[in-house]
Amino acid sequence: MLAEANIVALRGWEISCVAMWAVGLWLVFRLGPSRLYLGLYGGASVLAFWDWMLGNRWFFHITFDDRFVTLFRVDGSVEPLWAGFSYGFFFGICALLAVHFGRWLDEHLGAWQYLAIGVALGFLDIAIEGVSVGWLGLYRFNYRESYLWWGVPWTNIVFIVAAQVPIIFLARRLAELMERVPVSAPVAVSVSAGGRRDPVGGAEQADAGSPGWLPFWVALPIAPAGLYAGAFVTTLLLQRLQPWVPVR
């Protein structure tokens, strides 16, 4: 059984995760507005369904405090509401910032940026979850002690690196591709009395070269694809290590 955590800390954690996600959404429009950014953030924000699967005994093997607000429950396994928001921010905002500051990263880190960012985020996750798990006791990873740092599995670093590297790489490549797509000059058209659309100087603007919502739809599956890669690599590692302990 999970020891009962302070209810103020529990609700504060939930509110903080939702608030951070809202800040990330604000940044999407503050740094853009861009449909590519919105697609990256939207794709990361639906990762709660991935998190529910990874929380099972063959991966994270998590026990949550049962007082968390529940997003959904399937076959007795719970996905807390805050977890979906935390995934959205952690995976979405990193991809967004990597795209936005891409030129700086290229100049200062070059190709090493992907590994450097992934490793830094892996250790950042240990620090963040060290608070929520090791200090506040809001949930528990059911791993043997030798695999835990401040209550958090060190294998999470492998998971985050393997997930973030393809996410950031694909996001950067998509952004560069969109920059190279030629955009036609707007064509001024008007509708005549007979319903015929004629080119004129000054009426409606039909931007035939605009990509529309294509950047959004192409960016949307990037975060889920990266998480799939991270889960696959980490599953192979965990299968070899067998770090779990049974829940009592």
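Residues numbered from 1 in each chain as written. Predicted model: local features only at pLDDT ≥ 70, side-chain atom pairs only at ≥ 80, totals over all residues. Heavy atoms only, no water.

Asker: Help me out: how do you make sense of the overall build of the protein chain in this one?
Answerer: If you tally the helices and strands in the protein chain, you get nine helices and nine strands. Here the analysis covers contacts within the protein chain between residues at least 6 apart in sequence; of these, 72% occur between residues at least 24 apart. (Helix = DSSP H or I, 4+ residues; strand = E, 2+ residues; numbered from the N terminus. Contact = heavy atoms within 4.5 Å.)

Asker: Looking at this model, I keep getting lost on the pattern of salt bridges. Mind explaining?
Answerer: In a structure, side chains of opposite charge can pair up when their charged atoms sit close to one another. Enumeration over the complete set of coordinates arrives at six salt bridges. Across the pair Glu179 and Arg103 runs a salt bridge, and its minimum N-O distance is 4.0 Å. Of this pair, Glu179 sits in helix H7 (residues 155–180) while Arg103 sits in helix H5 (residues 102–108), and the two are 76 residues apart along the sequence. Each member of the pair, Glu179 together with Arg103, is exposed. A salt bridge links Glu176 to Arg172, with the nearest nitrogen and oxygen atoms 3.2 Å apart. Pair noted here: Glu176 and Arg172 are both in helix H7, with a separation of four residues, about one helical turn. For Arg172, a relative accessible area of 4% corresponds to the buried category. (Salt bridge = Lys/Arg side-chain N within 4 Å of Asp/Glu carboxyl O. Buried < 20%, exposed > 50% of the residue type's maximum accessible area, 1.4 Å probe, protein only.)

Asker: Hey, could you run me through unusual backbone geometry in this one?
Answerer: If a residue is not glycine, its phi is most likely negative; likewise, a peptide bond is most likely trans. Despite not being glycine, His61 has its phi angle at roughly 50°, a positive value. Within the secondary structure, His61 is located in the loop between helix H3 (48–54) and strand E1 (62–64). The residue Trp150 is not glycine, and still its phi comes out positive at about 55°. Checked against the element boundaries, Trp150 lands in the loop between strand E5 (148–149) and strand E6 (152–153). On the accessibility criterion, Trp150 (64% relative accessible area) is exposed.

Asker: What is the right way to look at helix H4 (residues 81–100) in this model?
Answerer: Residues separated by three or four positions in an α-helix point in the same direction, a consequence of the helix having 3.6 residues per turn. Spanning 20 residues, H4 covers 29 Å between terminal C-alpha atoms, matching the ideal 28 Å at 1.5 Å per step. Of all 20 residues that make up H4, 14 are buried, and the element is covered over most of its length. (Expected span 1.5 Å × (residues − 1).)

Asker: Could you clarify how one ought to interpret the side chain of Asp51 in this entry?
Answerer: Assignment of secondary structure puts Asp51 in helix H3. Look at Asp51: it is buried, it has no salt bridge, and the nearest opposite charge is Arg73 at 14 Å. (Lys, Arg positive; Asp, Glu negative; His and termini not counted.)

Asker: Would you take a moment to explain the nonpolar core for this structure?
Answerer: Taken as a class, soluble globular proteins show a tendency for nonpolar side chains to be buried jointly. Phe91, Phe141, Phe159 and Leu227 are the most contacted members of the largest nonpolar core, which totals 61 residues. With eleven residues, the single largest contributor to this core is H4. Apart from residues lying up to four places away in sequence, Phe159 is in contact with Leu54, Phe59, Phe60, Tyr87, Phe91, Leu227, Gly230, Ala231 and Thr234. (Core = buried A, V, L, I, M, F, W, Y, C linked by side-chain atoms within 4.5 Å.)

Asker: Please clarify how the layout of surface pockets should be interpreted in this entry.
Answerer: The space that makes up the largest pocket amounts to roughly 570 Å³. Listed by contribution, the elements that provide at least two residues to the lining of the largest pocket are helix H1 (7–31), E1, H4, helix H6 (113–135), strand E4 (139–141) and H7. Of all elements in the fold, only E1, strand E2 (70–74) and strand E3 (77–80) reach the threshold of two or more residues within the lining of the second largest pocket. The dominant element in the lining of the second largest pocket, judged by the number of residues it contributes, is E1, at three residues. Here the residues of the lining of the second largest pocket are counted per class, giving six nonpolar, seven polar and five charged. (1 Å grid on protein atoms, 1.4 Å probe; cavity = no way out; pocket = protein on both sides within 12 Å on 5 of 7 lines; lining within 4 Å. Points joined across faces, edges and corners; volume = space filled by probe spheres on them. Nonpolar A, V, L, I, M, F, W, Y, C, P; charged D, E, K, R; others polar.)

Asker: Would you explain the pairing of E2 in this entry?
Answerer: One face of the sheet, then the other: side chains in a regular strand alternate in exactly this way. Here four bridges tie E2 to E3, and the two strands are oriented antiparallel to one another. Of the residues in E3, the one forming a bridge with Val74 is Ser77. What sits between the antiparallel neighbours E2 and E3 is a turn of two residues, in which Asp75 has the positive phi angle 50°. (Pairing = 2+ DSSP bridges.)

Asker: Hey, could you run me through the environment of Tyr114 in this one?
Answerer: Of note, Tyr114 is situated in helix H6. The spatial distance from the C-alpha of Tyr114 to the C-alpha of Val165 is 5.2 Å, given a sequence separation of 51 residues. Not counting the four nearest positions on each side in its chain, Tyr114 is found in contact with Val165, Ile168, Phe169, Arg172 and Arg173. A distance of 2.7 Å separates polar atoms of two side chains, one belonging to Tyr114 and the other to Arg173. (Polar contact = N/O pair within 3.5 Å; in protein donor to acceptor, adjacent residues only side chain to side chain.)

Asker: Help me out: how do you make sense of the packing of H1 against H4 in this one?
Answerer: Think of two packed helices as two axes; the pair is described by the angle between the axes and how far apart they sit. Where H1 meets H4, the closest approach of the two axes is 8 Å, and the angle between their N-to-C directions is 30°. In terms of their interaxial angle, H1 and H4 are classed as roughly parallel. When the axes of H1 and H4 are compared, the crossing they make is left-handed. In contact with Trp13, Glu14, Cys17, Val18, Met20, Trp21, Gly24, Leu27, Val28 and Leu31 of H1, H4 contributes Trp82, Phe85, Ser86, Gly88, Phe89, Ile93, Leu96, Leu97 and His100. In terms of residue class, the contact of H1 with H4 is built from 14 nonpolar, four polar and one charged. (Axes fitted to C-alpha atoms, helices over the stretch in contact; angles between N-to-C directions. Parallel < 35°, antiparallel > 145°, perpendicular 65-115°, else oblique. Left-handed = near helix turned anticlockwise from the far one by under 90°.)

The quantities given are spatial measurements derived from coordinates; they are silent on function.
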